[in-house]
Amino acid sequence: MNDVRRNPRIPVDDHLPVQNTITNQPMGRIGNLSIDGMMLIQNRPPRDDALYQVSFPLPDAQGHTQPIEIGIHETWTEDASVPGQIWSGFEIIDIAENDRQRLLRYLDSRGPR
């Protein structure tokens, strides 16, 4: 797998579950995150090269949590070293400007991008 990321991913210590907003089904949880992508830890693989509309809770500096909604595109999937886990990389392809600003603040509070 070639790493073609524009921004380094920040490990996420917060438990951020991701919900498919079209099917209203859980997809997994975020393992790492950047302004333009994420890795999800899942129980089952996503469809190859698929597009998803998802939401996840995003804490602010005061610890309040509000959902953020984004469009993502699956770019890679592999079996994790942990049995029963699948790791999948997604590119963020659609995000509202106010959610983008909230995501930038969240990432800035956790380290350099």
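Residues numbered from 1 in each chain as written. Predicted model: local features only at pLDDT ≥ 70, side-chain atom pairs only at ≥ 80, totals over all residues. Heavy atoms only, no water.

Draft legend 1. Here's a closer look at the overall build of the protein. A count of helical and extended segments in the protein gives 1 helix and 7 strands. Along the protein, from the amino end to the carboxyl end, the secondary structure elements read β-β-β-β-β-β-β-α. The C-alpha atoms of the protein give 13 Å as radius of gyration, which agrees with the globular expectation for 113 residues (13 Å, within 12%). Considering the protein as a whole, with its 113 residues, one finds that 42% of them fall into the buried category. Across the protein, the fraction of contacts at a sequence separation of at least 24, relative to all contacts at a separation of at least 6, is 54%. For the protein, the exposed area adds up to about 6700 Å²; of that, 48% sits on carbon and sulfur atoms. Averaging the positions of the 11 positive and the 16 negative side-chain charges in the protein gives two centres separated by 3 Å. (Helix = DSSP H or I, 4+ residues; strand = E, 2+ residues; numbered from the N terminus. Rg over C-alpha atoms; globule rule 2.2 N^0.38 Å. Buried < 20%, exposed > 50% of the residue type's maximum accessible area, 1.4 Å probe, protein only. Contact = heavy atoms within 4.5 Å. Areas by Shrake-Rupley, 256 points an atom, 1.4 Å probe, with all protein chains shown as cover. Lys, Arg positive; Asp, Glu negative; His and termini not counted. Charge placed at Lys NZ, Arg CZ, Asp CG, Glu CD.)

Draft legend 2. Inspection of the nonpolar core at higher detail. Residues I30, L33, M38, F56, I70, I72 and L103 are the most contacted members of the largest nonpolar core, which totals 24 residues. For this core, the secondary structure elements donating two or more residues are β3 (25-34), β4 (37-42), β5 (51-59), β6 (65-79), β7 (86-95) and α1 (97-108). If we skip the residues at most four places from it in the chain, M38 touches R9, I30, N32, L33, F56, I70, I72, S88, G89 and F90. (Core = buried A, V, L, I, M, F, W, Y, C linked by side-chain atoms within 4.5 Å.)

Draft legend 3. Focus on unusual backbone geometry. Positive phi is not limited to glycine here, since N24 has a value of about 60°. As for its position among the elements, N24 is in the loop between β2 (17-20) and β3. A positive phi angle, close to 60°, is found at D49, a residue other than glycine.

Draft legend 4. Region of interest: the pairing of β7. One ladder, built from 6 bridges, connects β4 with β7; its direction is antiparallel. Opposite I41, over in β7, you have W87 as the bridge partner. With 9 bridges connecting them, β6 and β7 associate as antiparallel partners. Looking at β7, one finds that I70 is bridged to I95. The turn linking β6 back onto β7 is made up of 6 residues, and G84 within it adopts a positive phi angle of 85°. (Pairing = 2+ DSSP bridges.)

Draft legend 5. A look at the side chain of E74. With respect to the element layout, E74 can be found in strand β6. It turns out E74 is buried and unbridged, and the closest side chain with the opposite charge, R47, is 9.1 Å from it. Polar contacts involving the side chain of E74 include one to the main-chain amide nitrogen of W76, which spans 3.3 Å. (Salt bridge = Lys/Arg side-chain N within 4 Å of Asp/Glu carboxyl O. Polar contact = N/O pair within 3.5 Å; in protein donor to acceptor, adjacent residues only side chain to side chain.)

Draft legend 6. Molecular detail of the pairing of β5. Pairing analysis gives 2 bridges linking β2 to β5, with the strands arranged antiparallel. Note that in β5 the partner of N20 across the bridge is V54. Linking β5 back to β6 in an antiparallel pair, the connection comprises 5 residues, with G63 at a positive phi of about 90°.

Draft legend 7. Here's a closer look at the packing of aromatic side chains. One pass over the structure, following the stated rule, counts 1 aromatic pair. Ring geometry for Y52 versus F90: centroids 6.1 Å apart, planes at 75°, classification edge-to-face. On the criterion of sequence distance, the pair formed by Y52 in strand β5 and F90 in strand β7 is long-range, its members being 38 residues apart. Across the pair, exposure class does not vary: Y52 and F90 are buried alike. (Phe/Tyr/Trp six-rings, centres within 6.5 Å; stacked < 30°, edge-to-face > 60°.)

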